[in-house]
Protein chains: 2
Amino acid sequence: MSNARRIIVINPNSTPEVTSAMRDALDDRFLCLDIPEGPATIVTDRDVAEAGPRVAALAAAQEAPLAVIVACFSDPGVAETRAAVPCPVIGIQEAGVAAALALAPRFGIIALSELPIARHRVRLERMGMLERLADEVGLSGVSAYAAGHDPAVYDELLAAGRRLIASGAGAIVLGCGGFGPRRAVLQAALGVPIVDPVLAAAGVALSVTGGQR
Amino acid sequence: MSNARRIIVINPNSTPEVTSAMRDALDDRFLCLDIPEGPATIVTDRDVAEAGPRVAALAAAQEAPLAVIVACFSDPGVAETRAAVPCPVIGIQEAGVAAALALAPRFGIIALSELPIARHRVRLERMGMLERLADEVGLSGVSAYAAGHDPAVYDELLAAGRRLIASGAGAIVLGCGGFGPRRAVLQAALGVPIVDPVLAAAGVALSVTGGQR
């Protein structure tokens, strides 16, 4: 696969275990990269603002990617990256929420903390998707790494998921690129579709680059 | 794969070539079925109303599907099917439009004729997605089979796509499950992402049933 054109997945944080988990969830049609000069977790508005140009620059440095996925739930640099490369560019917040819209009338989001919820809402409103949000719940302030790997976070996730279902969510979007390893077990426990936004973006990317086989 | 649980793709029309084209685009994680008592193409509101219960009944008759895709762009029977089976149920209109929302600020749709446009708009408004529609253009009244197979229809598709791009569409959704064979060549000709809604729904289904590998 080394000479084939690939779908580039950019994790804008600097935690290699988060990037590895994405790599484990995808096959060799995808090339997963992180940004060593980024923070361990994208948390503040400043983190998002600083990540944007780094994402666009890393995307522009790739040789003829088939598509680019921006694998942070604040979608840093999606517009700049679209301006910088000629291929499809997909942010995981937009893709994750879009998948949820195709799965249920109303959806919920689980964020790493309360902090990004206001920022997510601004983006959801701009996307025209706020109306179908049942609710967004923040965890206690966990890292992108802990999101997918810490057993204590799993208990928080279960409680948050139950709250969202009680609020009318028929599908739940995991609001960080690091939650992937928890998706399947959470879906089995909660009984509603749980969307890993990285997989959702991968689905969109495959559908416009060469299909599902 | 015969004993594995699969994602069921239901083509509500009775044209086996359309179902075959879907089968060709997907791998053996998917089982594609059509409805022999359906019309050759779903055209009228009555066709849609009659297809709904047939889709729900066929879905309910499958043994433990992983997910169900309703592969007609009027999404017949999606709500009824969700009530009838415990797995994720995905309509290709919702999934196709959702994928487009993750690809560009504004999208367009190409329909088989002018006739279904009003019906699509009602559904888009209910989905909260009408605001981001640049425009929808109807072809001259072609069948689901001709959509993917007739060279004359390809010229119409090109012209419709150019109109939509001029209207501000940054991504275009093909408004029938039969357009699949034309997606890649159209994307190469028009230079914007072209969404085959069957592939988009397949991407959503894979993301909530076992991933992209």
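Keep in mind it's a predicted model, so treat the numbers as computed, not measured.

### A few points about the environment of Ser140(B)
Residues and elements named next belong to chain B. Mapped onto the secondary structure, Ser140 falls in the loop between β6 (133-138) and α6 (144-149). By relative accessible area, which is 58% here, Ser140 ends up exposed. Along the sequence, Ser140 and Glu37 sit 103 residues apart, while their C-alpha atoms lie 25 Å from each other. If we ignore the near neighbours within four places in the chain, the residues touching Ser140 are Leu112 and Glu156. For Ser140, the side chain forms a polar contact with the side chain of Glu156, separated by 2.7 Å.

### Notes on unusual backbone geometry
Here the phi dihedral of Ala64(A) falls at roughly 45°; this positive angle occurs in a residue that is not glycine. Residue classification places Ala64(A) among the partly exposed positions, given a relative accessible area of 42%.

### Brief notes about the domain arrangement of chain A
Residue and element names in this part refer to chain A. Domains assigned within chain A are domain 1 (7-91) and domain 2 (93-198). A C-alpha centroid distance of 20 Å is found between domain 1 and domain 2. Taken together, the 21 residues of domain 1 in the interface contact 23 residues of domain 2. Buried surface at the junction of domain 1 and domain 2, both sides included, amounts to about 1600 Å², of which 63% is carbon and sulfur. For domain 1, the biggest contributors to the area lost against domain 2 are Thr41, Phe73 and Asp75; these three give 38% of the whole. Linking domain 1 with domain 2 are three salt bridges. Put simply, domain 1 and domain 2 have eleven residue pairs in polar contact (both at pLDDT 80 or more) between them.

### Observations concerning the interface of chain A and chain B
Taken residue by residue, the interface counts 41 residues in chain A and 41 residues in chain B. Summed over both sides, the interface between chain A and chain B buries roughly 2900 Å², with carbon and sulfur atoms accounting for 57% of that surface. Along the contact surface separating chain A from chain B lie ten residue pairs in polar contact (both at pLDDT 80 or more). Mapped onto the side of chain A that touches chain B, the elements with two or more residues apiece are α1 (16-25), β4 (89-91), α4 (92-101), α8 (183-190), β8 (194-195) and α9 (197-207) of chain A. It is α9(A) that contributes the most residues to the side of chain A that touches chain B, seven residues altogether. Residue composition of the side of chain A that touches chain B, by class: 24 nonpolar, eight polar and nine charged.

### Points about the relation of the copies chain A and chain B
For these two chain copies, the linking operation is a rotation about an axis paired with a shift along it. After a rotation of 180° and a shift along the axis of 0.0 Å, chain A superposes on chain B with an RMSD of 0.0 Å. Those values place the two copies in the arrangement expected of a two-fold rotation axis. No C-alpha of chain A lies nearer the rotation axis than that of Gly203(A), which sits 1.9 Å from it. Mapped onto chain B, 100% of the interface residues of chain A are again interface residues, and the two copies thus contact each other with one and the same surface.

Calculation rules
- Residues numbered from 1 in each chain as written.
- Chains lettered and ligands numbered in written order.
- Predicted model: local features only at pLDDT ≥ 70, side-chain atom pairs only at ≥ 80, totals over all residues.
- Heavy atoms only, no water.
- Helix = DSSP H or I, 4+ residues; strand = E, 2+ residues; numbered from the N terminus.
- Buried < 20%, exposed > 50% of the residue type's maximum accessible area, 1.4 Å probe, protein only.
- Contact = heavy atoms within 4.5 Å.
- Polar contact = N/O pair within 3.5 Å; in protein donor to acceptor, adjacent residues only side chain to side chain.
- Domains from an automatic or database assignment.
- Buried area = accessible area lost by both parts, 1.4 Å probe.
- Salt bridge = Lys/Arg side-chain N within 4 Å of Asp/Glu carboxyl O.
- Nonpolar A, V, L, I, M, F, W, Y, C, P; charged D, E, K, R; others polar.
- Least-squares fit on C-alpha atoms with pLDDT ≥ 70 in both.

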